[in-house]
Amino acid sequence: MKKFKLNGIAAALVLLASVFTACERRPLEYISSLTVRVIVKCIWEVNAYPEGERPTGITLYLFKDGSFYNSITSSNVDSLEIMLEKGHYAMYMISQSVDEYGTMEFQDMSDFSRARSILEPGTADWATRGPEEIVVQDPEVLLAGTAKEFDITEEMAVEYQNTYKTWSDKKKAAAESGATSDEEMEITSLEERVEFLTVRIPISPYNTVSQFWVTIYVGNADMLQSMRASVTGMARTFDLTQDVTDIEKATQVLRYWSLNMDDNLSHVGHVDGLITTFGLPEGETPSTLRDSTLNVSALLVDNKTVADYVFNVGDKIEELKPNPGYRKLYRLVFGSKDNPEIVFPDVIPVEAGGGFTANVTDWEEEIEAEIPI
């Protein structure tokens, strides 16, 4: 029994000594919430957003030790200050917040590897060629960026908190009773140390949205009243942290076109249509293996004849240098000034003075005329 009591007393002394040792290692200034100041800095480049306009807000998604940790929406688009505890971190950002986009929805935003944006369905019954085909809206500008993963260690947190507490206390005391020049120098040095211990994480946002530009050279261009088209096999989903489009496919609509006459004597001109898009699915590049078509309908100046054309575009789309602020530029050209791709039939205008309009109206009641290319 005596031996047991002595062992118990010895154990208590060892425990008490460890407590004092811990107090020596972590002084009274130690703050129980061990965190480090982290500043997330958005590196905005001119080519990251169209027309040089930054977004008015950003949302940051944080992941700690492989699990979702937090999301923060802020109107400060240049930098965001957060306090993080010990852990291994990953993060990504998007412009604005998920509630501010009308043409797309967001899924699995709390899953780092699966976070994605999906284009919402649109309304265009005339554009579908089958029950399984999905017509989607054109995406709004969506900026995204992913940071390099980083660690916050306990040693980093202890040093940051102790340094910050010492600086804060000395600064407060100096404000209350004044400080000598040596004390002022010490306060400045401590402040610089706090800044040095602050972790800075850069993120370079980029636009996930590309452009798709179609040009078709036409003969008898003065017979054209209006035009509309749909292109199949386009990407519906963009994986935000993987920097690539996903497998889902959709049809997009080109509703608005411009007409330019190239030769008034021969009545040859060209029409241009331009839309925004996520691009091609699965990060594809144009190839003959792609089953994709451009389906064009032209309403002629008699306001009743609709000429329909179908173009296979799997390997005809080119990737060109993008316009400033966009991810890519997909270019599709059919025909030339000397060899127009299609020639409209001669029809009698419904009235004098009529001409091409970019406004697409409902053609469902019109008479359709299938015209081979």
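Chemist: Can you help me understand the overall build of the chain in this one?
Modeler: Tallying secondary structure elements over the chain gives three helices and 25 strands in all. Looking at the chain residue by residue over its 373 residues, the buried ones come to 44%. Of all intrachain contacts in the chain linking residues separated by at least 6 positions in sequence, the fraction that spans at least 24 positions is 73%. When the accessible surface of the chain is totalled, it reaches about 20,000 Å², and 51% of it is carbon and sulfur.

Chemist: Before we go on, may I ask you to explain helix H2 (residues 154-177) in this structure?
Modeler: Count 3.6 residues to each turn of an α-helix, and residues three or four apart come out pointing the same way. The end-to-end C-alpha distance of H2, which contains 24 residues, comes to 34 Å, matching closely the 34 Å that a straight helix rising 1.5 Å per residue would cover. Listed as buried for H2 are Ala157, Val158, Tyr160, Gln161, Asn162, Thr163, Trp167 and Ala174. Residues of H2 that are buried in the fold lie against strand E1 (35-42), strand E4 (79-85) and helix H3 (181-197). Count one or two residues on from H2 and you reach Gly178, which has phi positive near 85 degrees.

Chemist: For this particular structure, what's the right way to read the sheet that holds strand E11 (residues 199-203)?
Modeler: Strand order in the open sheet made by the three strands is E4-E1-E11, with mixed pairing throughout. Each having just a single partner strand, E4 and E11 make up the two edges of the open sheet. Across the sheet, the mean angle separating the axes of adjacent strands is 30 degrees when strand polarity is ignored. Where H2 meets the sheet, its contacts fall on E1, E4 and E11, and the angle it forms with E1 comes to roughly 95 degrees.

Chemist: It is not clear to me how H3 should be interpreted in this structure. Could you clarify?
Modeler: Between its terminal C-alpha atoms H3 stretches 24 Å, which fits the 24 Å expected from 17 residues at 1.5 Å a residue. Turning to H3, the residues buried within the fold contact E1, H2 and E11.

Chemist: Help me out: how do you make sense of the pairing of strand E6 (residues 104-107) in this one?
Modeler: A regular strand carries its side chains on alternate faces of the sheet. Only one face of E6 is buried, namely the one carrying Met104 and Phe106, since none of Glu105 and Gln107 on the opposite face is buried. Relative to strand E7 (residues 116-119), E6 runs antiparallel, the two sharing four bridges. Note on E7: the bridge partner recorded for Phe106 is Ser117.

Chemist: In this structure, what is going on with the packing of aromatic side chains? I would like to understand it.
Modeler: Centre distance and the angle of the planes are the two values used to describe a pair of aromatic rings. Considering all chains together, one arrives at 14 aromatic pairs under this definition. Ring centres 4.9 Å apart and planes at 10 degrees place the aromatic pair Tyr61 and Tyr92 in the stacked group. Here Tyr61, found in strand E2 (residues 58-64), pairs with Tyr92, found in strand E5 (residues 87-95); they are 31 residues apart in sequence, far enough to count as distant. As far as burial versus exposure is concerned, Tyr61 and Tyr92 are alike and both buried. For the pair Phe63 and Phe68, a centre-to-centre distance of 5.7 Å together with 70 degrees between the ring planes defines the contact as edge-to-face. Note on Phe63: relative accessible area 4%, which makes it buried. Residue classification places Phe68 among the partly exposed positions, given a relative accessible area of 38%.

Chemist: Quick question: what am I supposed to make of the sheet that holds E6 here?
Modeler: Note: strands within a sheet are paired through backbone hydrogen bonds, in either parallel or antiparallel orientation. On the basis of which strands lie adjacent, the open sheet formed by four strands has the order E6-E7-E15-E16 and antiparallel pairing. In this open sheet, the two strands that pair with only one neighbour each are E6 and strand E16 (244-245). Taken together, the three bridges between E7 and strand E15 (residues 237-239) define a ladder with antiparallel strand orientation. Bridge pairing in E15 places Ser117 opposite Phe238.

Chemist: Would you take a moment to explain empty space enclosed by the protein for this structure?
Modeler: If a probe the size of a water molecule is rolled over the atoms, the empty space left behind becomes visible. All told, the structure shown has one cavity of 30 Å³ or more when counted by the stated rule. If you go around the largest cavity, the residues you meet are Val40, Cys42, Ile58, Leu60, Leu80, Met93 and Ile203. Secondary-structure elements contributing two or more residues to the lining of the largest cavity are E1 and E2. Tallied by class, residues from the lining of the largest cavity come to seven nonpolar, no polar and no charged.

About the cut-offs
- Residues numbered from 1 in each chain as written.
- Predicted model: local features only at pLDDT ≥ 70, side-chain atom pairs only at ≥ 80, totals over all residues.
- Heavy atoms only, no water.
- Helix = DSSP H or I, 4+ residues; strand = E, 2+ residues; numbered from the N terminus.
- Buried < 20%, exposed > 50% of the residue type's maximum accessible area, 1.4 Å probe, protein only.
- Contact = heavy atoms within 4.5 Å.
- Areas by Shrake-Rupley, 256 points an atom, 1.4 Å probe, with all protein chains shown as cover.
- Expected span 1.5 Å × (residues − 1).
- Pairing = 2+ DSSP bridges.
- Axes fitted to C-alpha atoms, helices over the stretch in contact; angles between N-to-C directions.
- Phe/Tyr/Trp six-rings, centres within 6.5 Å; stacked < 30°, edge-to-face > 60°.
- 1 Å grid on protein atoms, 1.4 Å probe; cavity = no way out; pocket = protein on both sides within 12 Å on 5 of 7 lines; lining within 4 Å.
- Points joined across faces, edges and corners; volume = space filled by probe spheres on them.
- Nonpolar A, V, L, I, M, F, W, Y, C, P; charged D, E, K, R; others polar.

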